[in-house]
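Take a look at the letters that make up each chain.
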Amino acid sequence: MRSNKMATFGPLQRLATYGLILGLTAATFFSAGVQGTQAADADSQQVRISAQDSSSKYLRLGLNKSMIVDLPRDAVDVLVSNPKIADAVMRTARRAYLIGMEVGMTNIFFFDAQGRQIAGVELQVERDLNVLARTIAQLVPGSQVTVEAINDNVILSGVVQRPTDADRAADIAARFVGKPEQVLSMVAVAGKEQVFLKVSVAEVRRTVLKQFGIDLASALTSGTITSAVVTENPFSVANKALSATAATLGYASGTDKVSGTLQALEQNGMLRILAEPTLSAISGESAKFLAGGEFPVPIGRDKDGNVQIQFKEFGVALAFTPVVMSAGRISVKVATEVSELTDENALVFSDVRVPGLKVRRADTTVELPSGGSLALAGLLQQDTRQIINGFPGLKDVPVLGTLFRSRDYQNNETELVVLVTPYLVDPTARSKLARPDENLYPASDPVTILLGRLNRIYGVAGARPEGRYNGQPGFIVK
């Protein structure tokens, strides 16, 4: 008869029992996060194999984790095809502990005393990615990233809110694995954020040129002695006179002649360049804009002696790459350039004159909120040059030295400012957009001939546009 009396354990027996219970509890706790799919009990770390189940089970086990396998009858022999991948420890004749040692796959077979197979396990050992999934969910809020493993590689899938969140999740996974090439990111962005960039390029250049010079030509005869004095003082700054305007005064008496040419020239110039290019690009993509043209530049000859031409761009160029950061901030890499053709530093090549380029260029990366503006580049430059040419000694004489010298003066002032303003924009309906050629119609022949109008003009009775206008509102130019 079976007694209902409880057995009495000694101190050593109680200690061993407590150790076994703690060991099983710890093994179950540390292996609770393993992601696995198996034929039965997919989410459990304790697999029970029935006597009728003779097929092999596919189990997934985390690296350095353990799993309990209960057998239907006593096992005498255990075969592990690759002990480096996993180890099988028989705690009792019907309970085995599987321990993941390295990432990979292995087979485990259990046999009874007669050599018959009790069970077979297809075991895949992989990294425990629950820690990585929790870290991504914590550091990338609002993301829905799923982490899976194939051998020693990590695959990220799911949806995030911003492109930067996808990059951050991939970076975290690379730190977790230790090798970035073992991370495959298939994360999609829920909404592609589009950035609208408005750039204002304003430049004002002032030029002042002043030229003053007197050239003398004299021929004097005294008996059999003839003397001549000729002075022609150049303008060395501009390398030529601004114009041919001059005042000439001469005196002649017999064979004696004295003449002087006065050149007093002044030139004031101003150049204003204002360009406001606008571009739109998806976060992380690049966009480029050019308002100008291209000019040919000879770069050499081919084997047949033909001149090879390469075209160079000039004008107002803009290229930018936006990246939407968190909290609505935008990191913008901007490269802007303003160039124009000039005769300075021109090159003559094979009877072809290649013009030079005046270039103002700025290239930088800034971080701004949506709608915030920043002066990307400011340039204030002043260039003053002055040269006096004349007869040595005589040009230094006060007052009278003016007759023997020329003065060439040039002053250039340039101020350039580039303003950058990024915006986060959303798509709009086609009905809210207008083309510049809409409602533009030519006037009829009688109206064009008699009234000299190029466009049709009509009025709407009683209609008055919004706002304050000078004159008679209510007419629409089409």
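This report concerns the structure included in the present document. (Residues numbered from 1 in each chain as written. Predicted model: local features only at pLDDT ≥ 70, side-chain atom pairs only at ≥ 80, totals over all residues. Heavy atoms only, no water.)

## Focus: the overall build of the protein
Of regular secondary structure, the protein possesses 4 helices and 24 strands. When the 478 residues of the protein are sorted by exposure, 30% land in the buried category. For the protein, the exposed area adds up to about 30,500 Å²; of that, 54% sits on carbon and sulfur atoms. (Helix = DSSP H or I, 4+ residues; strand = E, 2+ residues; numbered from the N terminus. Buried < 20%, exposed > 50% of the residue type's maximum accessible area, 1.4 Å probe, protein only. Areas by Shrake-Rupley, 256 points an atom, 1.4 Å probe, with all protein chains shown as cover.)

## A short note on the layout of surface pockets
Roughly 890 Å³ of internal volume is contained in the largest pocket. Taken together, 31 residues form the lining of the largest pocket, with Arg205, Glu344, Lys358, Gln410 and Asn412 sitting closest to its centre. Put simply, the parts of the chain that give the lining of the largest pocket at least two residues each are β12 (194-222), β15 (256-275), β19 (329-349), β20 (352-369), β21 (374-390) and β22 (405-425). (1 Å grid on protein atoms, 1.4 Å probe; cavity = no way out; pocket = protein on both sides within 12 Å on 5 of 7 lines; lining within 4 Å. Points joined across faces, edges and corners; volume = space filled by probe spheres on them.)

## Comments concerning the sheet that holds strand β3 (residues 66-70)
Spatially, the 4 strands line up as an open sheet ordered β1-β3-β6-β5, and their pairing is mixed. Looking at the sheet topology across the chains shown, the edges are occupied by β1 (46-48) and β5 (86-92). Ignoring which end each strand starts from, the neighbouring axes of this sheet average 25° apart. With 6 bridges connecting them, β5 and strand β6 (residues 95-100) associate as antiparallel partners. Opposite Asp87, over in β6, you have Ile99 as the bridge partner. (Pairing = 2+ DSSP bridges. Axes fitted to C-alpha atoms, helices over the stretch in contact; angles between N-to-C directions.)

## Considerations on the environment of Asn153
Positionally, Asn153 belongs in strand β10 (residues 153-160). Using a relative accessible area of 34% as the deciding quantity, one classes Asn153 as partly exposed. When the C-alpha atoms of Asn153 and Pro180 are compared, they prove to be 9.7 Å apart, with 27 residues separating the residues in sequence. The contact partners of Asn153, leaving out residues within four places of it in the chain, are Glu148 and Gln182. (Contact = heavy atoms within 4.5 Å.)

## Quick notes on the nonpolar core
Among soluble globular proteins, nonpolar side chains are generally buried collectively. Grouped together as the largest cluster of nonpolar side chains are 24 residues, with contacts concentrated most on Phe320 and Val334. Mapped by element, the contributors of at least two residues to this core are β12, β15, β16 (278-282), β18 (307-324), β19, β20 and β22. Those residues in contact with Val334 that sit more than four places away from it in its chain are Leu197, Leu318, Ala319, Phe320, Ala362, Asp363, Thr364, Leu376 and Val420. Membership of the second largest hydrophobic core comes to 21 residues, among which are Leu59, Val69, Ala86 and Ala119. (Core = buried A, V, L, I, M, F, W, Y, C linked by side-chain atoms within 4.5 Å.)

## Here's the deal with the packing of helix α2 (residues 130-139) against helix α3 (residues 163-177)
Direction vectors running N to C along α2 and α3 enclose 145°, while the axes themselves pass 10 Å from each other. Like other packed secondary-structure pairs, α2 and α3 cross with a definite hand, here right-handed. For the pair α2 and α3, contact is made by Leu132, Thr135, Ile136 and Leu139 and by Arg168, Ala169, Ile172, Ala173 and Phe176, respectively. (Left-handed = near helix turned anticlockwise from the far one by under 90°.)

## Regarding the sheet that holds strand β2 (residues 57-62)
With mixed pairing, 4 strands are arranged side by side in an open sheet as β2-β8-β7-β4. The open sheet has two edge strands, β2 and β4 (77-80), and neither has a second partner. Neighbour-to-neighbour, the strand axes of this sheet turn through a mean angle of 25°, independent of strand direction. With 4 bridges joining them, β4 and strand β7 (residues 104-111) adopt antiparallel strand pairing. By the bridge assignment, Val78 is partnered in β7 with Phe110.

## Focus on unusual backbone geometry
One non-glycine residue, Asn64, adopts positive backbone phi at about 65°. Note on placement: Asn64 falls in the loop between β2 and β3. Residue Asn64 is classed as exposed on the basis of its relative accessible area, which comes to 62%.

## A word on the pattern of salt bridges
The final tally for this structure, using the stated rule, is 12 salt bridges. Asp70 serves as the salt-bridge partner of Arg95, at 2.8 Å between the closest nitrogen and oxygen. Pair noted here: Arg95 is in strand β6 and Asp70 is in strand β3, with a separation of 25 residues, a long-range link. Among the ionic pairs, Asp171 bridges to Arg175, the shortest N-O distance being 2.7 Å. Taken together, the residues span about one helical turn, with Asp171 and Arg175 both in helix α3 at a distance of 4 residues. For Asp171, a relative accessible area of 37% corresponds to the partly exposed category. A cluster of three or more residues bridged by salt bridges with shared partners is formed by Arg48, Asp70 and Arg95. (Salt bridge = Lys/Arg side-chain N within 4 Å of Asp/Glu carboxyl O.)

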